[in-house]
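# Working through the structure, step by step
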Amino acid sequence: MPKMKTKSSAKKRFRVRPGGTVKRGQAFKRHILTKKTTKNKRHLRGITAVHSGDMGSIAKMLPSAGL
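Residues numbered from 1 in each chain as written. Predicted model: local features only at pLDDT ≥ 70, side-chain atom pairs only at ≥ 80, totals over all residues. Heavy atoms only, no water.

Along the chain, Met61 falls in helix α3 (residues 55-61). As for Met61 and Arg17, which are separated by 44 residues in sequence, their C-alpha atoms are 16 Å apart. (Helix = DSSP H or I, 4+ residues; strand = E, 2+ residues; numbered from the N terminus.)

Dropping the structure here:
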């Protein structure tokens, strides 16, 4: 059997934490920033955890992560 490959897009976007949760960057912070308020852009900083409903698809994209 061939090895299962990790999706290249997923390994660039997600990191698995030691506890098993997955962290991701915030969306909507790349372009068209002039019409967004300063408060909105400030709250988009940093990282957040992936929602539990999306963990199944993340586990398929990252087979070697052990999720």
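Still more ground to cover, so stick around.
Here the focus is the pairing of strand β2 (residues 22-25). Relative to β2, strand β1 (residues 14-16) is paired through three bridges, and the arrangement is antiparallel. What sits directly across from Val16, in β2, is Val22. Adjacent in sequence and paired antiparallel, β1 and β2 are bridged by five residues, among which Gly20 carries a positive phi angle near 100°. Two elements, β2 and strand β3 (residues 47-49), share three bridges in a ladder whose sense is antiparallel. In the strand pairing of β3, Gly25 is matched with Ile47. (Pairing = 2+ DSSP bridges.)

Turning to the nonpolar core, a few remarks are in order. Ala10, Phe14, Val22, Val50, Ile58 and Leu62 together form the largest nonpolar core, which totals six residues. The residues touching Ile58, leaving out its near neighbours within four places in the chain, are Phe14, Val22, Val50 and Leu67. (Core = buried A, V, L, I, M, F, W, Y, C linked by side-chain atoms within 4.5 Å. Buried < 20%, exposed > 50% of the residue type's maximum accessible area, 1.4 Å probe, protein only. Contact = heavy atoms within 4.5 Å.)

On to unusual backbone geometry, then. Its identity as a non-glycine residue notwithstanding, Phe28 has a phi of 65°, on the positive side. Along the chain, Phe28 falls in the loop between β2 and α2 (38-43). We note that Ile32 has phi near 55°; this positive angle belongs to a residue other than glycine. For Ile32, the position within the fold is in the loop between β2 and α2. What makes Ile32 partly exposed here is its relative accessible area of 46%.

The three strands lie next to each other as β1-β2-β3, forming an open sheet whose pairing is antiparallel. Both outer strands of the open sheet, β1 and β3, are each paired with one neighbouring strand and no more. Direction aside, neighbouring strands of the sheet carry axes that sit 30° apart on average. (Axes fitted to C-alpha atoms, helices over the stretch in contact; angles between N-to-C directions.)

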